[in-house]
Amino acid sequence: MSRTSSRIRLTAALGAASALALAGCSSSGSSGGGGVGFVTGKGGIATAAPAQRVAAPDITGTSLDGGGALKLSDYRGKVVVLNIWGSWCSPCRAEAKGLQESSQKYGDQVQFLGINTRDTDPANAVAFEKNFGVGYPSIYDPDGAEILKFPKGSLNPQSIPTTIVVDKDGRLAARAMRALSAEDLQKMVDPVLAESK
């Protein structure tokens, strides 16, 4: 990759991270407006019917705990709960224990995967996970480059925290752009999980 294209990618990633920062880390629960093929219902949870879903990007990166490379596509065939978070984000702290409890409740039925963003020092994110007992893996994405891979106009993340449910075929099925309770997460996951039975 040339030096110029590296600078362009870095500038774009920083711009996206700044936009997420301005829109994000709010507990107000923005609905994010309507897009093609999905409906935002009560509580700001947007869903897409199976025929209207678009493919999730193949998010990749290094595991926050140093455990090696992680890829969203490695979990194809399973429902995946993708949570975008930062240790600096108050709503992220509010939902962390509930997400961990949900990951334990669903067990092998659902894979939970985090994307940690805007933590310039991974030690802060590791301390966050330890403090809240988060046991599922997270990709370290400090500049938001992986978040930029989501197609615009889809169930893409537009704030932090955002939780996205990816169906077993690797498509974007549901999204909430706010801190979630375990009950709200269940309303997102159970219908998608039922499709695969």
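Everything that follows concerns the structure shown earlier in this document.
This write-up is about the structure you can find in this document. (Residues numbered from 1 in each chain as written. Predicted model: local features only at pLDDT ≥ 70, side-chain atom pairs only at ≥ 80, totals over all residues. Heavy atoms only, no water.)

## Concerning the environment of glutamine 111
Heads up, the condition is: Per the convention used, a helix needs a DSSP run of H or I reaching at least four residues, while a strand needs a run of E reaching at least two, with both numbered from the N terminus. Only protein chains enter the accessibility calculation, which uses a 1.4 Å probe; a residue whose area is less than 20% of its type maximum is buried, one above 50% is exposed, and one in between is partly exposed. Here, two residues are considered to be in contact whenever any of their heavy atoms come within 4.5 Å of each other.
Inspection of the secondary structure assignment puts glutamine 111 in strand E6 (residues 110-117). By relative accessible area, glutamine 111 is classed as buried at 15%. Sequence separation between glutamine 111 and tyrosine 75 is 36 residues; the distance between their C-alpha atoms is 7.3 Å. Residue contacts for glutamine 111: discarding those within four places in its chain leaves Tyr75, Lys78, Val79, Val80, Val81 and Pro137.

## A look at the nonpolar core
Threshold: As used here, the term nonpolar core means buried Ala, Val, Leu, Ile, Met, Phe, Trp, Tyr and Cys residues forming a set that is joined through side-chain atoms within 4.5 Å.
Ranked by size, the top nonpolar core spans 47 residues in total, and within it Val110, Phe112, Leu113 and Val165 carry the most contacts. Listing elements by their share of this core, those giving two or more residues are strand E2 (45-48), strand E5 (79-85), helix H2 (90-106), E6, helix H3 (122-132), strand E8 (162-166), strand E9 (172-176) and helix H4 (182-195). In terms of residue count, E5 provides more of this core than any other element does, six residues in total.

## Observations regarding unusual backbone geometry
That bond from isoleucine 160 to proline 161 is cis: its omega, 0 degrees, falls within 30 degrees of zero. Turning to its location among the elements, proline 161 is positioned in the loop between strand E7 (138-141) and E8. With a phi close to 65 degrees, arginine 118 is a non-glycine residue in the positive phi region. Tracing the sequence through the fold places arginine 118 in the loop between E6 and H3. Assessed through its relative accessible area of 31%, arginine 118 is described here as partly exposed.

## Describing the environment of serine 63
Counting through the fold element by element, serine 63 comes out in the loop between strand E3 (60-62) and strand E4 (69-71). The contacts of serine 63, once residues within four sequence positions are left out, are Gly68, Leu70 and Ser138.

## Side note on the packing of H2 against H4
The axes of two packed helices give the description: the angle between them and the distance between them. In plain terms, the rule: Think of each axis as a best-fit line through the C-alpha atoms, taken over the contacting stretch in the case of a helix, with angles from 0 to 180 degrees between the N-to-C directions. Crossings are sorted by hand: turned counterclockwise from the far helix by less than a right angle, the near helix makes the crossing left-handed, and turned clockwise it makes it right-handed. Polarity classes work like this: nonpolar for Ala, Val, Leu, Ile, Met, Phe, Trp, Tyr, Cys and Pro, charged for Asp, Glu, Lys and Arg, and polar for all others, with Gly in that last group.
Running from N to C, H2 and H4 point in directions that differ by 35 degrees, and their axes come no closer than 10 Å. Classified by chirality, the crossing of H4 by H2 is right-handed. Where H2 abuts H4, its residues Leu99, Ser102, Lys105 and Tyr106 lie against Ala182, Leu185, Gln186, Val189, Asp190 and Leu193. A breakdown of the residues in the contact of H2 with H4 according to their chemical character gives six nonpolar, two polar and two charged.

## Observations concerning the pattern of salt bridges
We count it as follows: Note on definitions: salt bridges are taken to be side-chain nitrogens of Lys or Arg within 4 Å of carboxyl oxygens of Asp or Glu.
A full pass over the atoms with the stated rule returns eight salt bridges. Where glutamate 195 meets arginine 53, a salt bridge forms, and the shortest distance between an N and an O atom there is 2.7 Å. Taken together, the residues span a long stretch of sequence, with glutamate 195 in helix H4 and arginine 53 in the loop between E2 and E3 at a distance of 142 residues. One salt bridge connects lysine 71 with aspartate 58, and the closest N-O pair in it is separated by 3.9 Å. With a gap of 13 residues between them, lysine 71 in strand E4 and aspartate 58 in the loop between E2 and E3 connect regions that are remote in the sequence. With a relative accessible area of 34%, lysine 71 lands in the partly exposed category. Here the residues in one salt-bridge network are Arg53, Asp167, Asp169, Arg171 and Glu195, joined through shared partners.

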